Amino acid sequence: MLNWMLSRNKSSEEDSKHPLGSERGIASTLGEIVVTDPVKRIREVNDWFAEADSLAEQLSPAQYVRAVDRLDDFIQPDIARCWQNLLAESAKPEPGPLPSHILDLYHRHALKANRLALQVALADGPLREDKRILARHAIRALRAWTHYKKLCRMVCRDPGADLWKTALDLVIAADENKVLNLPQNAYSNVSVQTTAWQEYLAGLFLETAPYSAMTVHEMETVERLARFIESYVQHSEEPLADSIFYIDLESPGAPVRYRFGVGPGQGRRRYFGLGAGYKLLTDLREGMGQDRKLPAWLESTGCNLFQTRRLLATLAQHWSSTPPMRGRPRRKASGELFVTWSLEVVRRMVSASEFAHSRRTLDYEGYLKSTTARHRRHEAISADVPPPPRTG
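What you are looking at is a predicted structure, and each value in this text was computed from that prediction instead of being measured.

A. Representation of the packing of helix α14 (residues 277-291) against helix α15 (residues 305-318). Remark: α14 packs on α15, axes separated minimally by 10 Å, with the N-to-C direction vectors making an angle of 155 degrees. Considering their axes alone, α14 and α15 lie roughly antiparallel with respect to each other. As α14 packs across α15, the resulting crossing turns out to be left-handed. Side by side, α14 and α15 meet where Y278, L281, L284, R285, M288 and G289 of the first sit next to L305, T308, R309, L312, A313 and A316 of the second.

Okay, here's the thing in structure tokens:
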């Protein structure tokens with residue numbers, strides 16, 4: 001791979017011998033990936049995707065689209081293994097290294113490579129007529145967009161505002177070429193067909209969940225729930241009675257909570273509501289309570305039955321037509337805020353705070369004298385000594 005990248009500026013005669021320029025070359029390139037570690041296997045494919053712009057210049061449109069198609073499909077079992085490893089490791093009391101970095105790189109570059117494949121196909125006459133190719137790369141790009149955004153939330157990182165414009169541009173391009181709702185198998189190892197619009201809705205509703213208070217496993221569960229109800233989601237150009245979120249087409253960004261009667265008609269908006277999907281979620285929660293088990297498609301999320309039902313209750317409140325309210329009224333206050341660094345210093349501050357609330361003196365000698373005096377008066381029998389701090 002490295003030798004080829006260093007020599008990618010050779011003559012056009014040698015460029016025709018590109019390792020990804022023919023079916024035989026692609027098979028040979030994939031056959032050279034003999035390592036069994038999924039992280040290393042993904043890195044081999046990701047090196048090609050990272051050079052997507054150069055590949056598109058060196059290969060013909062048909063060659064580039066075929067190369068991205070084969071490489072992306074080839075690596076999917078390893079992507080699934082890394083996601084499983086991430087969920088399994090996150091469930092441990094003391095998690096080890098997570099494969100989040102390689103997944104971050106892959107999904108970011110897969111989004112770029114598949115988006116470019118769609119653009120290249122649209123600029124080529126024969127490829128433009130093949131709606132299956134257009135739909136497949138739009139689906140894969142939007143699926144990579146969803147997974148990349150989900151991973152950013154899992155590691156508490158902002159995915160960036162540009163990501164929303166990228167997704168909206170993909171949806172518009174797919175819609176203009178009449179492939180937005182064309183069902184396709186995203187990959188050969190995925191039996192259920194999907195559409196570009198379904199992938200977009202899954203990523204959209206994942207962002208509307210209260211992810212700031214969620215665990216990694218809850219975020220994974222929310223994505224699967226979003227795919228579970230996406231066929232029931234209602235969207236419109238004007239707000240409806242059950243519209244709960246909207247997006248701004250002129251200034252693409254994350255979905256915003258819609259309040260009925262506030263700001264309708266401002267800019268170009270699209271409004272979304274769960275429709276019958278809301279009842280589907282409440283029925284799912286009740287069904288799990290009666291059966292006392294998770295459905296098969298939620299078993300590998302890492303959330304147990306109690307956690308999943310609690311999450312469904314949270315989502316039912318958050319996705320209802322009445323937005324969640326604060327338990328207590330918000331009151332303005334002013335004062336000093338002390339900030340410190342490192343967990344060790346934070347623990348010391350918490351310990352000192354607990355010690356102060358226990359009403360004991362910070363003079364250790366005075367504390368011992370007080371304890372001795374209590375024993376002399378035999379008060380220790382009826383009144384215990386104040387407990388030490390819980391976090392030492």
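B. Summary view of the sheet that holds strand β2 (residues 245-248). If you walk across this open sheet you meet the 4 strands as β1-β4-β2-β3, and the pairing is antiparallel. At either margin of the open sheet sits one strand with a lone partner, and together these are β1 (234-236) and β3 (256-257). In the packing of helix α12 (residues 196-208) onto the sheet, the strands contacted are β1, β2 and β4 (269-273), and the crossing angle to β4 comes to about 80 degrees.

C. Highlighting the packing of aromatic side chains. A full pass over the atoms with the stated rule returns 10 aromatic pairs. Aromatic side chains F205 and W319 sit 5.8 Å apart centroid to centroid with 90 degrees between the ring planes, which places their arrangement in the edge-to-face category. With F205 in helix α12 and W319 in the loop between α15 and α16 (343-357), the pair connects residues that are 114 residues apart, well separated along the chain. The residues F205 and W319 share a single accessibility class, namely buried. A network of ring pairs unites the aromatic residues W145, W164, W197, Y200 and F272 as a single cluster. Directly above the aromatic system of W145 lies the positively charged group of K149, at a separation of 4.9 Å from the ring centroid. We note R269 situated over the ring of Y246; from NZ or CZ to the ring centre the distance is 4.0 Å.

D. Quick look at the pattern of salt bridges. According to the stated counting rule, one finds 23 salt bridges in the structure shown. Residue R136 is joined to D69 by a salt bridge in which the shortest nitrogen-to-oxygen separation is 3.1 Å. Taken together, the residues R136 in helix α10 (residues 131-154) and D69 in helix α6 (residues 61-74) connect sequence positions 67 residues apart. In this structure, R136 and D69 share a single accessibility class: buried. Residue K279 is joined to D283 by a salt bridge in which the shortest nitrogen-to-oxygen separation is 2.8 Å. Placement of both K279 and D283 in helix α14 is noted, with a separation of 4 residues, approximately one turn of the helix. Look at K279 and you get exposed, because its relative accessible area is 52%. Shared partners join several salt bridges into a network, and the residues in it are R143, K150, E199, E220, E223, R224 and R227.

E. Inspection of the pairing of β2 at higher detail. Two strands pair when backbone bridges link them, and β2 and β3 are joined in this way by 2 bridges, in the antiparallel orientation. Looking at β3, one finds that F245 is bridged to R257. As paired strands, β2 and β4 are joined by 4 bridges and run antiparallel to one another. Note on β4: the bridge partner recorded for Y246 is Y271.

F. Structural detail: empty space enclosed by the protein. Evaluation of the coordinates by the stated rule reveals 3 cavities of 30 Å³ or more. Each pocket or cavity is described by its volume, and for the second largest cavity that value is around 50 Å³. The wall of the second largest cavity is formed by W164, L168, Y200, I247, D248, P252 and G253. Sorting the residues of the lining of the second largest cavity by element identifies α11 (162-176) and β2 as the ones contributing at least two each. Looking at the lining of the second largest cavity, its residues break down into 5 nonpolar, 1 polar and 1 charged.

Rules of the game
- Along each chain, numbering runs from 1 in the same order as the chain's sequence is written.
- In keeping with the model being predicted, local features are shown solely for residues with a pLDDT of at least 70 and side-chain atom pairs are shown and tallied solely at 80 or more, while totals for entire chains, interfaces and linings include all residues.
- Heavy atoms from the whole structure form the basis of all side-chain values; hydrogens and water molecules are not counted.
- To obtain each axis, a line is fitted to C-alpha atoms, and for helices this fit is confined to the stretch in contact; angles are then taken between N-to-C directions over 0 to 180 degrees.
- Secondary structure follows DSSP: runs of H or I at least 4 residues long count as helices, runs of E at least 2 residues long count as strands, and numbering of each begins at the N terminus.
- Here roughly perpendicular refers to angles of 65 to 115 degrees, roughly parallel to angles under 35, roughly antiparallel to angles over 145, and oblique to all remaining angles.
- Definitions for this section: a left-handed crossing has its near helix turned counterclockwise from the far helix by less than a right angle. A right-handed crossing has that turn clockwise.
- Contacts between residues were defined by any pair of non-hydrogen atoms, one from each residue, lying within 4.5 Å.
- Between any two strands, pairing holds if DSSP finds at least two bridges.
- Two rings belonging to Phe, Tyr or Trp (six-membered ring only in the last case) form a pair when the distance between their centres is within 6.5 Å. Interplanar angles under 30 degrees mark stacking, angles over 60 mark edge-to-face geometry, and anything in between is tilted.
- Accessible area is worked out with a 1.4 Å probe on protein chains only. A residue is then buried under 20% of its type maximum, exposed over 50%, and partly exposed in between.
- To sit over a ring, a charge needs its Lys NZ or Arg CZ within 6 Å of the ring centre and within 35 degrees of the ring normal.
- Salt bridges are counted wherever a side-chain nitrogen of Lys or Arg sits within 4 Å of a carboxyl oxygen of Asp or Glu.
- Here a cavity is any set of points on a 1 Å grid over the protein atoms alone where a 1.4 Å probe fits but cannot get out, and a pocket is any open set with protein on both sides within 12 Å along at least 5 of 7 lines; a residue lines the site when it has an atom within 4 Å of a point.
- Grid points are joined across faces, edges and corners, and a volume is the space filled by probe spheres set on the points.
- Only Asp, Glu, Lys and Arg are considered charged, only Ala, Val, Leu, Ile, Met, Phe, Trp, Tyr, Cys and Pro nonpolar, and every remaining residue, Gly among them, polar.

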